Amino acid sequence: MTQMDGLGQAKLVRDKQVTASELLDAAVSRAQKAQARINCFAALFPDLAREQIARGGLEGPYAGVPFVTKDLAVGVRGAPLTGGSRAYRDVVSADDTTLVKRYREAGLVFFGSTTTPEFGLTLTTESTLYGQTRNPWDLTRIAGGSSGGAAAAVAAGVLPVAQASDGGGSIRIPAACCGVFGLKPSRGRTPMGPSRTEGWNGLSTVHVVSRTVRDSAALLDLTQGAETGSRYIAAPPARPYLSELDRDPKRLRIALWRTAPNGTKPDADATAGLEATAKLLESLGHVVVEAGPMLNGEALGKAGLFTISANIAAQLDEYGAARGRPVMDDEIEPVTAGMVRLGRTVPMVELAKANNVFITAAIQYEHFLDAGGFDLTLSPTLHRAPDLLGTMALTADTQKMGEAVAGFAPHCAVFNHMGAPAMSVPLHWTAPTATAPAGLPIGMMFGARCGQEGLLLALAGQLERAAPWAHRKPPEWVG
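Residues numbered from 1 in each chain as written. Predicted model: local features only at pLDDT ≥ 70, side-chain atom pairs only at ≥ 80, totals over all residues. Heavy atoms only, no water.

Turning to helix 4 (residues 98-105), a few remarks are in order. Within helix 4, the full set of buried residues consists of Thr98, Leu99, Val100, Arg102 and Tyr103. Where helix 4 is buried, its residues meet strand 2 (66-70), strand 3 (109-114), strand 8 (161-166), strand 10 (205-210) and helix 7 (213-223). Two residues or fewer past helix 4, glycine 107 is found with a positive phi of approximately 100°. (Buried < 20%, exposed > 50% of the residue type's maximum accessible area, 1.4 Å probe, protein only. Helix = DSSP H or I, 4+ residues; strand = E, 2+ residues; numbered from the N terminus. Contact = heavy atoms within 4.5 Å.)

With mixed pairing, the eight strands of this open sheet are ordered in space as 8-10-9-14-15-13-11-12. Pairing within the sheet leaves two strands with one partner each, and these edge strands are strand 8 and strand 12 (287-290). Pairwise comparison of adjacent strand axes, ignoring direction, gives a mean angle of 25° for this sheet. On the sheet, helix 7 packs against strand 8, strand 9 (181-184) and strand 10 and is oriented at approximately 150° with respect to strand 10. (Pairing = 2+ DSSP bridges. Axes fitted to C-alpha atoms, helices over the stretch in contact; angles between N-to-C directions.)

Two aromatic rings, taken as a pair, are described by how far apart their centres are and by the angle between their planes. Tallying each qualifying case throughout the model produces twelve aromatic pairs. Seen from their ring centres, tryptophan 257 and phenylalanine 415 are 6.4 Å apart, and the 65° between their planes marks the pair as edge-to-face. Placement of the pair is tryptophan 257 in the loop between strand 11 (253-256) and helix 8 (268-283) and phenylalanine 415 in helix 13 (residues 413-418), with a sequence separation of 158 residues. Each member of the pair, tryptophan 257 together with phenylalanine 415, is buried. Across from the ring centre of tyrosine 232, 5.5 Å away, lies the NZ or CZ of arginine 187, which sits over that ring. When the ring centre of tryptophan 477 is taken as reference, the NZ or CZ atom of lysine 473 above it lies at 5.5 Å. (Phe/Tyr/Trp six-rings, centres within 6.5 Å; stacked < 30°, edge-to-face > 60°. Lys NZ or Arg CZ within 6 Å of the ring centre and 35° of its normal.)

Within the fold, aspartate 375 resides in the loop between helix 11 (348-372) and strand 13 (376-380). Under the relative-accessibility criterion, aspartate 375 is labelled buried at 16%. A polar atom in the side chain of aspartate 375 sits 3.2 Å from the side chain of lysine 250. Excluding residues that lie within four positions of it along the chain, aspartate 375 makes contacts with Lys250, Arg251, Leu252, Arg253, Gln452 and Leu455. (Polar contact = N/O pair within 3.5 Å; in protein donor to acceptor, adjacent residues only side chain to side chain.)

Turning our attention to the pairing of strand 2. For strand 2, the tally of buried residues reaches five of five residues, placing the bulk of the element in the interior. As paired strands, strand 2 and strand 3 are joined by five bridges and run parallel to one another. Of the residues in strand 3, the one forming a bridge with phenylalanine 67 is phenylalanine 110. Regarding topology, helix 4 serves as the crossover connection from strand 2 to the parallel strand 3, and that connection is right-handed. (Right-handed = clockwise from strand over helix to strand, strands pointing away.)

To characterise two packed helices, one gives the angle between the axes of the helices and the distance between these axes. Two elements in contact, helix 9 (residues 297-323) and helix 11, have axes separated by 9 Å at closest approach and are oriented at 130°. On the basis of their axis angle, the class for helix 9 and helix 11 is oblique. Here helix 9 runs over helix 11; the crossing is left-handed. Here helix 9 contributes Ala299, Leu300, Lys302, Ala303, Gly304, Phe306, Thr307 and Ala310 to the contact with helix 11, which in turn contributes Glu350, Leu351, Ala354, Val357, Phe358 and Ala361. (Parallel < 35°, antiparallel > 145°, perpendicular 65-115°, else oblique. Left-handed = near helix turned anticlockwise from the far one by under 90°.)

Moving on: the packing of helix 2 (residues 20-38) against helix 3 (residues 46-55). In the contact formed by helix 2 and helix 3, the axes pass within 10 Å of each other and the chain directions differ by 170°. Between helix 2 and helix 3, the angle is such that the two are roughly antiparallel. On helix 3, the residues that touch Ala20, Ser21, Leu24, Asp25 and Val28 of helix 2 are Pro46, Ala49, Arg50 and Ile53. Class assignment of the residues belonging to the contact of helix 2 with helix 3 gives a composition of six nonpolar, one polar and two charged. (Nonpolar A, V, L, I, M, F, W, Y, C, P; charged D, E, K, R; others polar.)

Let us look at helix 14 (residues 453-466). Counted at 1.5 Å a residue, the expected span for helix 14 with its 14 residues is 20 Å, and the 20 Å between its end C-alpha atoms agrees. For helix 14, a buried count of twelve out of 14 residues is recorded, marking the element as mostly surrounded by other parts of the structure. Three or more residues of helix 14 are buried, namely Glu453, Gly454, Leu455, Leu456, Leu457, Ala458, Leu459, Ala460, Gly461, Gln462, Leu463 and Glu464. (Expected span 1.5 Å × (residues − 1).)

What follows covers the sheet that holds strand 1 (residues 41-44). With respect to topology, three strands assemble into an open sheet ordered 1-3-2, the strand pairing being mixed. Each having just a single partner strand, strand 1 and strand 2 make up the two edges of the open sheet. With direction set aside, neighbouring strand axes in the sheet form an average angle of 35°.

For strand 8, the tally of buried residues reaches six of six residues, placing the bulk of the element in the interior. What you see with strand 8 is no split at all: Val161, Gln163 and Ser165 on one side and Ala162, Ala164 and Asp166 on the other are buried throughout. Sheet topology places strand 8 next to strand 10; six bridges connect them, and they run antiparallel. Bridging from a neighbouring strand, valine 161 pairs with serine 210 of strand 10.

Working definition: two side chains of opposite charge can pair if their charged atoms are close together. One pass over the structure, following the stated rule, counts 26 salt bridges. Residue arginine 77 is joined to aspartate 95 by a salt bridge in which the shortest nitrogen-to-oxygen separation is 3.7 Å. Here aspartate 95 lies in the loop between strand 2 and helix 4 and arginine 77 lies in the loop between strand 2 and helix 4, a separation of 18 residues in the sequence. Assessed through its relative accessible area of 40%, aspartate 95 is described here as partly exposed. Overlapping salt bridges bring together Arg77, Asp95, Asp96 and Arg104 as one network. (Salt bridge = Lys/Arg side-chain N within 4 Å of Asp/Glu carboxyl O.)

This is the structure:
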């Protein structure tokens, strides 16, 4: 059963080979085992799931399949929602968010939430509130961030798919660290509401990490589309995303984009994965050409920092006002507190400039694709294997943490800046080590024009058939 994806588990329920309650009990048992080893859950609430099953009426393609959300901005009615912060430790969601309502309509059953660093602000899932989430391929290494709990749970075999979000690489980076598939949708593709229809001025979006491409495509079909009050609406797909997996894509021209906008080059491990992926693509009939857009990495980094810091400051000011006392520095992580201070002092003109920088990058990226006749870009998701725990935590030395973050996954955030879709595909593992006897995964990232998730998924399906990964199991496997 643990070898099946979510759609496969749903078929078992439909065919009455297993009940939703039996699926839930097994998933909870696996979650408890994983929690003891890799600490990937912020909360488990099986009683809410049992109540959902008892109410009946489970319908949809995923009817009866256990599911978990990330403990950040995606609320399940009656469940904790802390954002990984001590300041929010007592917050319980009063209602389902729009995304959760769409998941319920698909038949998913909610039994837990996965860990995140405070407010999703770094590339490792470590917090003072919940501790360190460990990588199931190597317990000394990070699971990535900010959806590290989700990716670790899927990689360890707790469940085949889990909700995740991405404001600067936070779906793709954990997927790459943990050896699973992760697609960041276009801006305006999936709902962020009901009270806010965008995160971080449009940088953030929501979807899933999964072991199979099929679950990612099916759940995008079931959740995509406009929501009330949204200022961005991605164009509806020409056909269901799931149907893109039925056939190989056309012959693609792909730009191998090696050097990140900030000038960082991938290390030997990431380079080996990049070269192997290029050869795989060519064996499938695609054309790979080494080329990349010329983007202003320094300006993009500054714009991202200012935008996110201003948003976090506004969020905490609003939360403090709502609860009747301001959020104090000793309630949040040291790096978070520094970002809040910065966010409260960023001049309004800098936010306007930041948005202009993002727009310029999007225009330059598409001009690059047009000029070279490219369909997609290819880069390593990670520029090196997953780091040791502690190096990028929000409690680390600010300068050292910033340097580690800047060189780890520097191609990722630009797709948030542009609002364009990108995916991390688990196509490469490093050589085994003493602490990682099966090697460490390093994902390969493909980027597309806004609205072209269908093309990415078609290629992902072809790659999955040519170089399958779902059979790979990390040492910490609970399935």
